[in-house]
Amino acid sequence: MIWTFAQHFSLEGFGFIQGIILARLLVPKDYGLIAMTQIFFAIAGVFIDSGFGNALMRKKQRTEIDYSTVFVTNVVLTSIFAFLLYLGAPWIASFYNESILKDIVRANAFLLILNSVNAVQGARLRINLQFKAYSFISVVNNVTVGIATIIFAFLGFGVWSLIYPNFIVPFLKFGLYWYFQRWRPKIDFSWKIWKEYFSYGSKLLFSALLDKTWINIYPMIIGKVYSAIDLGYYSRAKQYASLPTNTFQGVLGSVTFPVLCSIQDDDARLREAYRRLIRVSGYVIFPMLMGLAALAKPVILVLITEKWAASIPYLIVVCFSSMLRPIHVLNLNLLQVKGRSDLFLRLEIIKKILALSILLITMRYSILAMCIGSVIVSYISLYLNTYYTGKLIQVGFFLQVRDLLPSFLYSLSMGALVYGITLLIPNMLIQLLVGIILGIAYYLFISTIFKSKEFAYVKLLLHENVTKKYGRN
């Protein structure tokens, strides 16, 4: 957890700074054009894993033929999908009435095939719990690409500065994976193993397709019904709201699944570990998003200037829809740990039918109404996701709400205080600085006053790791 959190925190921190620079160099339409194609490449990204990666991690005894079978499956499926995207690029450009999208889609289709070659190598590091190496590789790749993106944007490449640098990733990753594990994929394939993984992974594949389609259906509809500029405002707000959740969700997704798999047969330990993860997740993520919602206006105006002001109301609302995302990930991970990909798929279908109904109603009014609808969907999904968790390990909706409620109330009072104080300060930069300092101080204070168990646990965790690193006699 420590290594992966350090990885994601450093990457999101760097991404935050990179995003500020790029937002000043590029225009909203550039981000809107990229967001228009996200749904197609998010779906294609699912095929890179095909649901087989999690099946591979869950299997206790793996051989070379297991890895090779998954590798061949990933590359073949991704290549087929990339070819279809290449052929469909003119249709996508016509759908949005943006001719430049044809070249953007075709460039990214080729990139998909290159990335599929590295999927199994990354899974091997996670299977072996080599999170230090995995984190190092991620940081090196993202920093390299980030710097290259800034250079391209500064040189005037516009929207292409968000595409060209990504071609560095597959080659750099391949070299680093080889350095850390000296393993190269083989072109071997077993139908018997494929069928075994498919019975489990196919349900996860379909569930992931539903999830990725839903996450990216908002950009698709906004890009079609409204404009690339409007989509640029929405995507910028979504990106800022996703910074805290991506950090924590990335940790939960990559660490908790293989770790919980190791105790999947011990329900008592699994229940204890799961509840601790729930409480710590809420304690860390809730104040970040409450604070960001309270400081949305100075964050946008100070960091990326007045030209992005239209994204402020979107940012406030999207923070509340993003707040429960890590909790959803934990609940769904548990179903995979228990091997219940059938329940995973059933939940995804139910949630997406509900969410689509709300989307069809809200899209008629405005982008802000669509954002409010996503908040409603997120909170209803909490009840749905916790239903089977309660059945499997007796940690259901009411127990999870009870675990999360203290952190939610601490964060809500902190957000209200920060927002109220900033209304008294006319200068935006001072609003931002005072709001951050006051928010952190108040949250730590109220955690101490009410003797928060999560605060005590986080302090203990940090103390133990600092002591372990530096030593103490």
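Residues numbered from 1 in each chain as written. Predicted model: local features only at pLDDT ≥ 70, side-chain atom pairs only at ≥ 80, totals over all residues. Heavy atoms only, no water.

Caption draft 1: Broad picture of the overall build of the protein. Of the regular secondary structure elements, the protein holds 20 helices and 0 strands. A sequence separation of at least 24 residues applies to 83% of the contacts in the protein between residues at least 6 apart. (Helix = DSSP H or I, 4+ residues; strand = E, 2+ residues; numbered from the N terminus. Contact = heavy atoms within 4.5 Å.)

Caption draft 2: Up close: the nonpolar core. With 95 residues, the main nonpolar core has Leu85, Tyr234 and Leu315 as its most contacted residues. With 11 residues, helix α12 (residues 267-294) is the largest single contributor of residues to this core. (Core = buried A, V, L, I, M, F, W, Y, C linked by side-chain atoms within 4.5 Å. Buried < 20%, exposed > 50% of the residue type's maximum accessible area, 1.4 Å probe, protein only.)

Caption draft 3: Looking closely at the side chain of serine 321. By the secondary structure assignment, serine 321 is in helix α14 (residues 312-322). A relative accessible area of 12% places serine 321 in the buried class.

Caption draft 4: Local environment of helix α13 (residues 296-304). Among the 9 residues in α13, 7 count as buried, and that is most of the element. Listed as buried for α13 are Ala296, Pro298, Val299, Ile300, Leu301, Leu303 and Ile304.

Caption draft 5: Region of interest: unusual backbone geometry. Phi at threonine 305 takes a positive value of approximately 75 degrees, unusual for a residue other than glycine. Examined against the element boundaries, threonine 305 turns out to sit in the loop between α13 and α14. Judged by relative accessible area, threonine 305 falls into the partly exposed class, the value being 27%.

Caption draft 6: Representation of the environment of lysine 102 within the structure. Looking at the element boundaries, lysine 102 is found in helix α6 (residues 101-116). When its relative accessible area of 33% is taken as the criterion, lysine 102 is described as partly exposed. Residues lysine 102 and isoleucine 92, 10 residues apart in the sequence, show an inter-C-alpha distance of 7.0 Å. With near-sequence residues (within four places) excluded, lysine 102 lies in contact with Ala89, Pro90 and Ala93.

Caption draft 7: Here's a closer look at the packing of aromatic side chains. Counted by the stated rule, this structure contains 19 aromatic pairs. Ring geometry for tyrosine 218 and tyrosine 234: centres 6.4 Å apart, planes at 10 degrees, overall stacked. One end of the pair, tyrosine 218, is in helix α10 (residues 191-225); the other, tyrosine 234, is in helix α11 (residues 228-261), with 16 residues separating them in the sequence. A residue is classified by how much of its surface remains accessible, and tyrosine 234, at 5% relative accessible area, is buried. In this arrangement the basic side chain of lysine 224 is found over the ring face of phenylalanine 95, its NZ or CZ atom lying 4.7 Å from the centre. When the ring centre of tyrosine 31 is taken as origin, the NZ or CZ atom of arginine 236, which lies over that ring, is 4.5 Å away. (Phe/Tyr/Trp six-rings, centres within 6.5 Å; stacked < 30°, edge-to-face > 60°. Lys NZ or Arg CZ within 6 Å of the ring centre and 35° of its normal.)

Caption draft 8: Region of interest: the packing of helix α18 (residues 397-422) against helix α19 (residues 428-449). α19 packs onto α18 with a crossing angle of 150 degrees between their chain directions and a minimal axis gap of 9 Å. Here α18 is positioned roughly antiparallel relative to α19, judged by the angle of their axes. At the point where α18 passes α19, the crossing takes the right-handed sense. Note on element contacts: α19 touches α18 through Gln431, Val434, Gly435, Leu438, Gly439, Tyr442, Tyr443, Ile446 and Ser447, opposite Ser407, Tyr410, Ser411, Ser413, Met414, Leu417, Val418, Ile421 and Thr422. (Axes fitted to C-alpha atoms, helices over the stretch in contact; angles between N-to-C directions. Parallel < 35°, antiparallel > 145°, perpendicular 65-115°, else oblique. Left-handed = near helix turned anticlockwise from the far one by under 90°.)

Caption draft 9: A nonpolar patch on the surface, seen in detail. Taken together, Ile17, Ile21, Leu25, Ile147, Ile151, Phe154, Leu155, Phe157 and Tyr164 make up a surface patch of nonpolar side chains, about 880 Å² in accessible area. Taken together, the elements giving at least two residues each to the nonpolar patch come down to α1 (2-25) and α8 (131-154). By the element assignment, isoleucine 147 lies in helix α8. (Patch = residues over 30% accessible without salt bridge, like charges linked within 9 Å, V, L, I, M, F, W, Y side chains within 5 Å. Areas by Shrake-Rupley, 256 points an atom, 1.4 Å probe, with all protein chains shown as cover. Salt bridge = Lys/Arg side-chain N within 4 Å of Asp/Glu carboxyl O.)

Caption draft 10: Examining the pattern of salt bridges more closely. Evaluated as defined, the whole model comprises 4 salt bridges. When the shortest N-O distance is used, the salt bridge between arginine 279 and aspartate 403 registers 4.0 Å. Here arginine 279 is found in helix α12, whereas its partner aspartate 403 is found in helix α18, with 124 residues between them in sequence. Residues arginine 279 and glutamate 454 are paired through a salt bridge, measuring 3.2 Å at the closest nitrogen-oxygen approach. On the criterion of sequence distance, the pair formed by arginine 279 in helix α12 and glutamate 454 in helix α20 (residues 453-470) is long-range, its members being 175 residues apart. Residue glutamate 454 is classed as buried on the basis of its relative accessible area, which comes to 8%. Overlapping salt bridges, with partners in common, bring together Arg275, Arg279, Asp403 and Glu454 in one network.

Caption draft 11: The arrangement of the environment of proline 170 in detail. Relative to the elements of secondary structure, proline 170 occurs in helix α9 (residues 169-181). Put simply, proline 170 and asparagine 115 are 55 residues apart on the chain and 5.3 Å apart in space, counted from C-alpha to C-alpha. Residue contacts for proline 170: discarding those within four places in its chain leaves Leu111, Leu114, Asn115 and Asn118.

Caption draft 12: Layout of the environment of leucine 432. Within the element layout of this structure, leucine 432 appears in helix α19. Classification of leucine 432 by relative accessible area gives buried; the value is 9%. Put simply, leucine 432 and valine 418 are 14 residues apart on the chain and 9.6 Å apart in space, counted from C-alpha to C-alpha.

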